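Overview (structure and organization)
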Amino acid sequence: MRRLLIFLMVAAALATGCTPRPGGHIVYGLTLAPSGIDPHINASSELGIPLTSVYDTLVYQDPKTGEFVPGLAQKWEVSEDGKVYTFYLRRGVKFHDGTPFNAEAVRFNLERITSPDLASQKARFMLGPYERTEVVDEYTVRIVLKEPFAPLLDSLSQVYLAMASPTAVQKWGSEYQLHQVGTGPFIFVEYVPGDHLLLRRNSDYAWGPPVYQHKTAQLEEVEFRFFTDPATRSPALESGEADVMGEIPPQDAARLQGSKDFRIESVAIPGVSLMLFMNTARPPLDDIRVRQALLFGTDRKAIISAVFRDTSPLACGPLTAVTFGYNPMVCEFYPYNPDQAAGLLEQAGWKDTDGDGVRDKDGQLLALDLYLMGWGYMPEVGQLVADQWSRLGVRVNSQVVSYPEALKIAQEGRHHLMPFTLSGSDPDILRKFFHSQAGFNWAKVNDPEMDGWLEEAARLSDRDQRADLYSRVQTRVMESALVIPIRDYVNLNGVNNRVQGLRFDAQGWFPWLIDVTLAR
Amino acid sequence: MLGYGLRRLLGAVLVLWLAATLAFGAMQLTPGDPAQTLLAASGASAEEVARRRAQLGLDDPLPVQYARYLADLARGDLGVSWLHGRSVGRMILEQLPATAELALAATAFGTLLGVALGLLAALYRETWIDTLATGLAVLGLSTPVFWSGLLAILLFSLRLGWFPSAGSGDLRHLVLPAAILGFALSGSVARLVRAQVIEVLRMPFVMAALARGLPLRRILLLHVLRPAVGPAVTVVALQLGFLLSGAVVTESVFARQGLGRLAVQAILWRDLPVVRGVVLVGALAYLLTSLLADLLQAWLDPRLR
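Cut-off values and rules
Residues numbered from 1 in each chain as written. Chains lettered and ligands numbered in written order. Predicted model: local features only at pLDDT ≥ 70, side-chain atom pairs only at ≥ 80, totals over all residues. Heavy atoms only, no water. Helix = DSSP H or I, 4+ residues; strand = E, 2+ residues; numbered from the N terminus. Buried < 20%, exposed > 50% of the residue type's maximum accessible area, 1.4 Å probe, protein only. Areas by Shrake-Rupley, 256 points an atom, 1.4 Å probe, with all protein chains shown as cover. Lys, Arg positive; Asp, Glu negative; His and termini not counted. Charge placed at Lys NZ, Arg CZ, Asp CG, Glu CD. Domains from an automatic or database assignment. Contact = heavy atoms within 4.5 Å. Buried area = accessible area lost by both parts, 1.4 Å probe. Salt bridge = Lys/Arg side-chain N within 4 Å of Asp/Glu carboxyl O. Axes fitted to C-alpha atoms, helices over the stretch in contact; angles between N-to-C directions. Parallel < 35°, antiparallel > 145°, perpendicular 65-115°, else oblique. Left-handed = near helix turned anticlockwise from the far one by under 90°. Nonpolar A, V, L, I, M, F, W, Y, C, P; charged D, E, K, R; others polar. Core = buried A, V, L, I, M, F, W, Y, C linked by side-chain atoms within 4.5 Å. Phe/Tyr/Trp six-rings, centres within 6.5 Å; stacked < 30°, edge-to-face > 60°. Pairing = 2+ DSSP bridges.

1. Let's talk about the overall build of chain B
Looking only at helices and strands, chain B has 13 helices and 0 strands in total. In chain B, the succession of helices and strands from N to C terminus is α-α-α-α-α-α-α-α-α-α-α-α-α. Counting only C-alpha atoms, chain B reaches 85 × 60 × 30 Å along its principal axes. Within chain B, buried positions represent 45% of all 305 residues. Accessible surface, chain B as shown: approximately 15,500 Å² in total, 72% of it carbon and sulfur. Positive and negative side-chain charges of chain B, numbering 25 and 17 respectively, have mean locations separated by a distance of 11 Å.

2. Comments concerning the domain arrangement of chain A
Interfaces are often described in size by the accessible area the parts lose on coming together. Residues and elements named next belong to chain A. What the domain assignment lists for chain A is domain 1 (25-267 + 492-519) and domain 2 (271-488). Between the C-alpha centres of domain 1 and domain 2 there is a distance of 32 Å. In this complex, domain 1 contributes 20 residues to the contact, which on the side of domain 2 involves 17 residues. Approximately 1,300 Å² of surface area, both sides summed, lies buried where domain 1 meets domain 2, with 50% of it carried by carbon and sulfur atoms. Area buried by domain 1 at its contact with domain 2 is led by Pro148, Ala150 and Pro250, which between them contribute 34% of it. If you look at where domain 1 meets domain 2, you find 1 salt bridge. Its salt-bridge partner being Glu147, residue Arg459 comes within 3.1 Å of it at the nearest N-O pair.

3. Section: the packing of helix 5 (residues 88-123) of chain B against helix 13 (residues 272-300) of chain B
Each pair of packed helices can be summarised by the angle the axes make with each other and by the distance between the axes. Residues and elements named next belong to chain B. Axis separation between helix 5 and helix 13 bottoms out at 10 Å; the angle between their running directions is 50°. Taken together, the axes of helix 5 and helix 13 are oblique relative to one another. For the pair helix 5 and helix 13, the crossing hand works out as right-handed. On the side of helix 5, the interface is formed by Val88, Met91, Ile92 and Leu96, while helix 13 contributes Pro273, Val274, Gly277, Val278 and Val281. Of the residues contributing to the contact of helix 5 with helix 13, the split by class is 8 nonpolar, 1 polar and no charged.

4. Describing the nonpolar core
Inside soluble globular proteins, nonpolar side chains tend to come together where they are buried. All names here are of chain A. Grouped together as the largest cluster of nonpolar side chains are 78 residues, with contacts concentrated most on Tyr28, Leu58, Phe87, Leu89 and Phe101. Setting aside its immediate chain neighbours within four residues, Leu58 contacts Pro70, Gly71, Leu72, Ala73, Phe87, Leu89, Phe101, Val106, Leu156 and Met163. With 74 residues, the next largest nonpolar core counts Phe277, Leu295, Val385 and Ala386 among its residues.

5. Some remarks on the packing of aromatic side chains
Per the stated rule, a full pass over the model turns up 28 aromatic pairs over all chains. Each ring, one from Tyr60 of chain A and one from Tyr212 of chain A, has its centre 5.8 Å from the other, and the planes form 65°; the classification is edge-to-face. Here Tyr212 of chain A lies in the loop between strand 9 (196-201) and strand 10 (221-226) and Tyr60 of chain A lies in strand 2 (residues 59-61), a separation of 152 residues in the sequence. Per residue, the accessibility class of Tyr60 of chain A equals that of Tyr212 of chain A, and both read buried. Consider the rings of Phe277 of chain A and Phe433 of chain A, whose centres lie 5.6 Å apart with planes at 15°: the pair is stacked. Placement of Phe277 of chain A in strand 13 (residues 271-278) and of Phe433 of chain A in helix 14 (residues 431-434) is noted, with a sequence separation of 156 residues between them. Taking relative accessible area as the criterion, Phe277 of chain A reaches 0% and is therefore assigned buried. Site record: aromatic cluster; members linked through ring pairs are Phe277, Trp375, Tyr403, Phe420, Phe433, Phe434, Phe440 and Trp442 of chain A together with Trp269 of chain B.

6. Quick word on the pattern of salt bridges
Residues and elements named next belong to chain A. Per the counting criterion, the structure on display carries 36 salt bridges over all chains. A salt bridge links Arg498 to Asp243, with the nearest nitrogen and oxygen atoms 3.2 Å apart. Taken together, the residues Arg498 in the loop between strand 20 (490-496) and strand 21 (499-500) and Asp243 in the loop between helix 7 (233-238) and strand 11 (244-245) connect sequence positions 255 residues apart. When salt bridges with common partners are traced through the structure, they connect Glu131, Arg132, Glu134 and Arg142 into a single cluster.

7. Concerning the pairing of strand 5 (residues 84-89) of chain A
Residues and elements named next belong to chain A. Summarising the sheet, strand 4 (residues 73-78) and strand 5 pair through 5 bridges and their orientation is antiparallel. Note that in strand 5 the partner of Lys75 across the bridge is Tyr88. The loop that links strand 4 with its antiparallel partner strand 5 comprises 5 residues; one of these, Gly82, has a positive phi angle of about 75°. Relative to strand 7 (residues 140-145), strand 5 runs antiparallel, the two being bridged by 5 bridges. When the sheet's bridge partners are listed, Phe87 is paired in strand 7 with Val141.

8. As for the sheet that holds strand 6 (residues 130-137) of chain A
Residues and elements named next belong to chain A. Spatial strand order, 4-5-7-6: 4 strands in an open sheet with antiparallel pairing. Strands with a single pairing partner mark the edges of an open sheet, and in this sheet they are strand 4 and strand 6. Put simply, the sheet's adjacent strands are angled 20° from each other on average, direction ignored. Strands in contact with helix 3 (residues 103-114) are strand 5, strand 6 and strand 7; relative to strand 6, the strand with the most contacts, it is inclined by about 165°.

9. Some thoughts on the sheet that holds strand 9 of chain A
Through backbone hydrogen bonds, the strands of a sheet pair up, either in parallel or in antiparallel fashion. Residues and elements named next belong to chain A. One open sheet accounts for 7 strands, arranged 8-9-10-1-11-20-12; its pairing is mixed. In this open sheet, the two edge strands, each paired with only one partner strand, are strand 8 (186-192) and strand 12 (262-268). Where strand 1 (residues 25-30) and strand 11 come together, 2 bridges link them in parallel fashion. Residue Tyr28 lies in a different strand from strand 11, and its bridge partner there is Val244. Across the face of the sheet, helix 8 (residues 250-257) comes into contact with strand 12 and strand 20 while running at roughly 130° to strand 12.

10. Concerning the pairing of strand 8 of chain A
For a regular strand, the rule is simple: side chains alternate between the two faces of the sheet. All names here are of chain A. Relative to strand 9, strand 8 runs antiparallel, the two sharing 6 bridges. Within strand 9, the residue paired with Phe188 across the bridge is Leu199. Taken together, strand 8 and the strand that follows it, strand 9, pair antiparallel across an intervening segment of 3 residues, in which Gly194 is found at a positive phi of about 85°.

Set out below in structure tokens:
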């Protein structure tokens, strides 16, 4: 009996082991209940947090160098005219349901994404001027574009253009999003909308990209839960309900950072900074002196420290500092200088003639309409800005509106100022905001030269040439005083110290769960 | 009796039609273009947005859209969510059990607590017990759920570790959200029960029962509480709207599944099929509860039969 007991103890010790081995279960807190989670259909960033590990993409982007590295495609060629991309696929890759991955699967996926019936909200548009996909042979596939589109590889490296099992897609139809099947390091086990999503380790995984550190996943299971109320995120982490939690509010992050059991992993997100767009088509903001005065009169440092507790970098220009093509020169524009701001307003003819504290001109008050959305700390930022400008003699009428309302207001040009922020690793994102025909042209800019730079940069494949063009765009945006940049977006992830090896992809949002381990 | 049932059924159909029409009209008045809302962040061109608008049927004249919507409804088809790309009926069925569970548990807890507080306050009228019970009732009525919920999480999950702070599933997950929502509900019940009990206690039949030497507990349970609780049942049934709106916040605070969060998201994204579906389910719930309340009240107070 005693011998048996000793044997059992030894066996147990061996089984648990001292060296880390695959196993364990963590709970990962998401911050939105995703609005549908089919990456080909839906657009939320939240869906990519779990699904990046369910799927593989043709290429991957190394977040350190920005270079593209092989994924499901071992290598690729781009034709001279930039319109044909040929991908040589990896052999021996199988979807979780046993379906083999091949050129036909790539064609199936891209046709699904571009089919009007699918009504894709994001993936379709990431393919730009896509024309068709050709199967050359079982492991060679060609993507043909109508015109050159430089961001294509960046798009193909994201989960929205990930490769799904054709068998599963056909089997489940519109319910596919509850039964997703990829080739990735984790298998999609179940999704109960609004409650949880469960992933389990794929032990057959052997085709990871070079950016992954392990061959197979180190955790047995990852469970995702949805914490939509920001105030409850830190308590859930501290009570052990979650091991990782995204978007911790800045004031809670400061407290967690001081604890011995938790840490904050702050990830800078590439894309367009949080900035106030100034409507250059609506007086008095059609006068560049007034716009420049607002830039000089905004104490951004004070906003960063009051609203973001210094957890976010101050934004200098339209791109966040970690985005490819970012031009650091923009930081020299418009340092906080209320005297210069007041001087510019005087020059533009705005003086406080009746001594009521608000400047006026020809009987008109210097009053600006600021529309804010309820998320991303916009109301807090708006309040501080209004307060700072009131000292300049500028009155701000601010109002919180919903996103659809904001879009409508912007389209009709009823705003003076409206903030926005958007993530994305390719600087082509600037085209969505500063091209005269752009949907988000909230500054109402119409600069043919800038349109030309943006269009050309989207076609060129040479990285240096692109960076140069985007540099010019950023300088022009600041010279023309189109926006007031506030903060670079940072995702504050609260992490239980037992969780190790958490790294994020080039988008900054999507964790590479394959390398996550549990400390013993 | 048959005529009553028929009238009631006709009334129900009318209410459902009104709710459906109201949901249709209200979303027409809400500013914002659904196609633009869905596609703006993708950088879709104006033509692509226009194409999607046509695809969603939003270019058709309003009467055509309305007729198509009613025809679909008559077939029991709630349509496909514009945002999720899934069947609205399925999405609602997924979320309904969690919301029903929370609403029932909160109603049960809130009614019990409210009756107990109201009874205590009435029996010990104008003593410190009355003050305390009435005070609790007012606190329940006036504390917003997002705040009391957070306090409950900090105390019972983080400090004491008694209950999980998040998720749905087993009973342990239900305790805190049901208690918080129920507490908010108990206020109005308590105030009503207190007033009713005080009124009934003044009635001659109570005096007569006491004079006959019946024990006080028996009088309270059999003769006072039953008629006093009757009106409270109607109040509880009328609180369904409050319960559903409270559930939205409770679901968010306790990271639970539920219709509330689905509805809020749908409204924010102008996902009309989902909004309409949830409104209809809400109307249906109202009809069922008011029917149930009528039956229950008739059982509790024989004078109404």
